[in-house]
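Each chain is listed here by its residues.
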Amino acid sequence: MRAIVQKVTKASVTVGDRTTGSIGKGMCVLLGISTTDTDKEIQWMVNKLVKLRIFDHPDTGKPWDADLLQCNYGILVVSQFTLQCVLKGNKPDFHGAMKS
């Protein structure tokens, strides 16, 4: 499993003309799940993301000292199979990515 995490003031996903997900302040995560990932690894990642201290603390203002729950921020997770790419020569191989 691979994740790219970005702090955001707002984020959304739009498919065609329809918004399928959106948040205000919080975290946008591009998540690539592999065919070998287990429920245990998924739970580990969820726990790690929710407790990742990348925000200013709401009481003290101290940077990099608070997580999503402490700040009551949102999280938007976007499936990104390309994070599981393996390059074989000049051809990308996505066989390790979880199927939709």
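Rules of the game
Residues numbered from 1 in each chain as written. Predicted model: local features only at pLDDT ≥ 70, side-chain atom pairs only at ≥ 80, totals over all residues. Heavy atoms only, no water. Salt bridge = Lys/Arg side-chain N within 4 Å of Asp/Glu carboxyl O. Helix = DSSP H or I, 4+ residues; strand = E, 2+ residues; numbered from the N terminus. Buried < 20%, exposed > 50% of the residue type's maximum accessible area, 1.4 Å probe, protein only. Phe/Tyr/Trp six-rings, centres within 6.5 Å; stacked < 30°, edge-to-face > 60°. Lys NZ or Arg CZ within 6 Å of the ring centre and 35° of its normal. Pairing = 2+ DSSP bridges. Axes fitted to C-alpha atoms, helices over the stretch in contact; angles between N-to-C directions. Contact = heavy atoms within 4.5 Å.

Participant: So what exactly am I meant to see when it comes to the pattern of salt bridges here?
Facilitator: Opposite charge on two side chains makes pairing possible when the charged atoms of those side chains draw close. Applying the stated criterion across every chain yields a total of 2 salt bridges. With a closest N to O distance of 3.7 Å, Asp65 and Arg53 form a salt bridge. Taken together, the residues Asp65 in the loop between α1 (39-50) and α2 (68-71) and Arg53 in the loop between α1 and α2 connect sequence positions 12 residues apart. Across the pair Lys88 and Asp93 runs a salt bridge, and its minimum N-O distance is 3.0 Å. A relative accessible area of 56% means that Lys88 is categorised as exposed.

Participant: Looking at this model, I keep getting lost on unusual backbone geometry. Mind explaining?
Facilitator: Note: most residues except glycine have negative phi, and most peptide bonds are trans. Even without a glycine there, the phi angle at Trp64 is positive, about 55 degrees. Relative to the assigned elements, Trp64 resides in the loop between α1 and α2. Note on Trp64: relative accessible area 55%, which makes it exposed. Even without a glycine there, the phi angle at Asn72 is positive, about 60 degrees.

Participant: Can you help me understand the packing of aromatic side chains in this one?
Facilitator: Under the counting rule described, the total for this entry stands at 2 aromatic pairs. Where Phe55 meets Tyr73, the ring centres are 5.0 Å apart and the plane angle is 80 degrees; that geometry is what we call edge-to-face. One end of the pair, Phe55, is in the loop between α1 and α2; the other, Tyr73, is in the loop between α2 and β5 (74-79), and 18 residues separate them in sequence. Seen in terms of ring centroids, Phe81 and Phe94 are 5.1 Å apart; in terms of plane orientation they differ by 75 degrees. Their pairing is edge-to-face. Of the two residues, Phe81 sits in the loop between β5 and β6 (86-88) while Phe94 sits in the segment after β7 (91-93), which places them 13 residues apart along the sequence. Over the ring of Trp64 we find Lys7, and its NZ or CZ is 4.7 Å from the ring centre.

Participant: Can you walk me through the sheet that holds strand β4 (residues 26-32) in this structure?
Facilitator: For sheets, the rule is that strands pair by backbone hydrogen bonds, running either parallel or antiparallel. If you trace the 3 strands from one edge of the open sheet to the other, you get β1-β4-β5, paired in mixed fashion. Looking along the sheet, the strands with just one partner apiece sit at the ends: β1 (2-8) and β5. Strand-to-strand twist across the sheet, computed as the mean angle between neighbouring axes with direction ignored, equals 20 degrees. Relative to β5, β4 is paired through 6 bridges, and the arrangement is parallel. When the bridges of β5 are listed, Met27 appears paired with Ile75. Its contacts with the sheet place α1 against β1, β4 and β5, and it is angled at close to 155 degrees to β4.

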